[in-house]
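Okay, here's what each chain looks like letter by letter:
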Amino acid sequence: MSPCASSPNAFVILCCARRCPSSFNLRLQLLGAGAREVQSLLLLITLAAMNDREAGYPIGGSLPLAQELAQRYLALGGEITYRARVVKVLVENDQAVGVRLENGRELRGDLVISAADGRSTIFDLLEGRYLNDTIRAYYRDLVPSKSILQVSLGVARDFSTEPPALSFPLPQPIYLGNVRHERLVAKHYCFDPTMAPPGKSVLTVWCEADYDYWQSMRVHRAHYRAAKELVAQQVIAALERRYPGLATQVEVVDVATPVTYERYTDNWRGAFAGWALTTRKMSMMMGRAMSKTLPGLSGFYMIGQWVEPTSSFRRLWSRCHQGHLPGHGPSLPRSGGLNAAVDASLADGCRMGRP
Ligand SMILES: Cc1cc2nc3c(=O)[nH]c(=O)nc-3n(C[C@H](O)[C@H](O)[C@H](O)COP(=O)(O)OP(=O)(O)OC[C@H]3O[C@@H](n4cnc5c(N)ncnc54)[C@H](O)[C@@H]3O)c2cc1C
C-alpha cells in the first residue's frame, strides 16, 4: 500500500509528484503548513497551477533569484543598503518622506515602500496612526500562516531514484518541540544539481511547530540549542527507520525553528507565508484585493506577502512562462524600474525547473 493511500489528497499529490516533482515540491510546502480547512482548495490550486504551467522551482533555490534581481536593480542605478534595520517611517504632514535606521541614519525619498512584515510596518514603524476598520480587521481576524520547523540534512547518499517527497507514518508518534507528529514528510532536492555534490543529497523535513514554545526556549541559549539538537536526533532516527544506514551518512545538519524565521525576516510569529488561507480569509477577501496603501498617508505603499496573499512568485513565474517578457511575446504594461528588473532577471538569469 502506498504510504499515503489513507489520505486521498496526499495520494493524488504523490501521483502528480511522479510526473512533476518540482512543482509538487513548491505546492506541498503550502499544503503541509497551510490551513487544513481549505486543503481541498489548495489541492485544486496546485493542480490548476500545474495545468497552466505556472508552478515551478528556481534552480539553485531562491538566493540566485534574489541576487539576479539585486544585480539588475544596481545596474539600473539603484542603491541597496544591507544590514540596515528600519525603526521608523518618517512622516511629515501625513506624507511619508523617508525612513530612520536603527543606527540613527535617516534616508529620504519621494516614496516609501515597505516590503517588511505588515504588522510591524503598520503598528510599529508607523505607530498605528494610519488605520481604518478594514485594515484593523485584517490584523485582528486573519490568521498568519503556521509556524514551522525545518530540519535540513546534507547526506552522503544519492536519493535521486527515491520519490522527491514522501509522507510516511511513524511507528510511534514523536514530539518535535511540543508538537505531536504521527507522520513526517521528507523531501530531497536531487532534481536540482546545485544543491549537493554528485552522489550526495539534501533532505528536508518540514512540520508544524509551536512559536510560543520555541520563543520560550530561546530565552536560554543552551536550552534552545539542546532542543534543536534533540529535534535533529529524532528526525534522523525516524529517517533511519525509513532509510536504513542514513544516520551514519549525515554530514550536515541545520534546524530552523519559528524564531529562526522571525530573526531572519521579522515576520510576525515567524509566519512562513503571510496570511494562512482560511475560509474566513477567503470570504473577507472575496472579490477585492488587500489595500496596499494606508488611509490618510500619502507617498506610502506596502508590498509583499502581507498585502499580496498567495505566492507572488507564482505570478512572476506565470509572466515568464506565458511569454510576457521582452522578446518573448506580448508585454504587459510596465512602468519600468522594478517590473523591468524583474522581467529581465527572469529572462536572463534564472533557470527554472519546469513542470
Ligand atoms: C522555509 C520556507 C520555505 C518556503 N517555501 C516556499 C515555496 O516553496 N514557494 C513559495 O512560493 N513560497 C515559499 N515560502 C514563502 C515565501 O518565502 C514568502 O512568502 C516570501 O519570501 C515573502 O516575500 P516578502 O518579500 O513578502 O517577505 P520576506 O521574504 O519576509 O522579506 C521581507 C524582508 O524585509 C526585511 N525586513 C523586515 N523588517 C525590516 C525592517 N524593520 N527593516 C529593514 N528590513 C526589514 C526582512 O529582513 C526580509 O528580508 C517559504 C517560506 C519559508 C520560510
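Only a predicted model underlies this, so the values are computations on that prediction, with no experimental measurement involved.

A. Representation of the overall build of the protein in the model. Regarding its fold elements, the protein presents twelve helices and twelve strands. Counting every position in the protein, which comprises 355 residues, the buried fraction comes to 34%. The long-range fraction of contacts in the protein, counting pairs at least 24 apart against all pairs at least 6 apart in sequence, stands at 68%.

B. Molecular detail of the nonpolar core. Of all hydrophobic cores here, the largest spans 32 residues; its most connected members are A186, V205, C207 and V231. Mapped onto this core, the elements with two or more residues apiece are β6 (148-155), β7 (165-176), β8 (179-188), β9 (201-208), α7 (211-217), α8 (221-242), β10 (250-256) and α9 (258-265). Beyond its immediate sequence surroundings of up to four residues, V231 is in contact with L149, V151, L176, G177 and V255. In terms of nonpolar packing, the next biggest core, distinct from the first, is built from 13 residues, V112, I122, L126 and Y138 among them.

C. Quick look at the confidence of the model for the protein. Taken residue by residue, the protein gives an average pLDDT of 79. The fraction at 70 or more is 73%. Under a pLDDT of 50 for its full length, residues 311-355 has, in the predicted model, 63 contacts with residues more than four places off or in other chains.

D. Local environment of the sheet that holds strand β3 (residues 95-101). Here we have three strands laid out as an open sheet, ordered β2-β3-β4, and antiparallel in their pairing. Looking at strand neighbours, the two that pair on one side only are β2 (86-92) and β4 (106-108), the edges of this open sheet. Across the sheet, the mean angle separating the axes of adjacent strands is 30° when strand polarity is ignored. Note: β2 against β3, six bridges, orientation antiparallel. Pairing of V89 across the sheet is with V99, part of β3.

E. Inspection of the environment of G274 at higher detail. Mapped onto the elements of the fold, G274 is located in the loop between α9 and α10 (279-285). Among the residues examined, G274 registers 23 C-beta atoms within 10 Å and is labelled buried. Sequence separation between G274 and P144 is 130 residues, and the spatial gap between their C-alpha atoms is 5.7 Å.

F. Spatial organisation of the pairing of β7. Strand direction decides the pairing type here: β7 and β8, joined by eight bridges, are antiparallel. Directly across from L176, in β8, lies its bridge partner V179. Turn length for the β7-β8 hairpin, with the two strands adjacent in sequence and antiparallel, is two residues, and the turn residue G177 shows positive phi of about 65°.

G. Up close: the sheet that holds β8. The strand order across the open sheet formed by five strands is β7-β8-β9-β6-β10, and the pairing between neighbours is antiparallel. Single-partner strands in this sheet number two, and they are β7 and β10. The average angle at which neighbouring strand axes cross in this sheet is 20°, direction not considered. In the sheet, β8 pairs with β9 via four bridges, with the strands oriented antiparallel. Pairing of H188 across the sheet is with L203, part of β9. Taken strand by strand, α8 contacts β6, β7, β8, β9 and β10, and its axis lies near 125° from that of β7.

What counts as what
Residues numbered from 1 in each chain as written. Predicted model: local features only at pLDDT ≥ 70, side-chain atom pairs only at ≥ 80, totals over all residues. Helix = DSSP H or I, 4+ residues; strand = E, 2+ residues; numbered from the N terminus. Buried ≥ 20, exposed ≤ 12 C-beta atoms within 10 Å, placed from the backbone. Contact = placed C-beta atoms within 7 Å. Core = buried A, V, L, I, M, F, W, Y, C linked by C-beta atoms within 7 Å. pLDDT = per-residue confidence, 0-100. Pairing = 2+ DSSP bridges. Axes fitted to C-alpha atoms, helices over the stretch in contact; angles between N-to-C directions.

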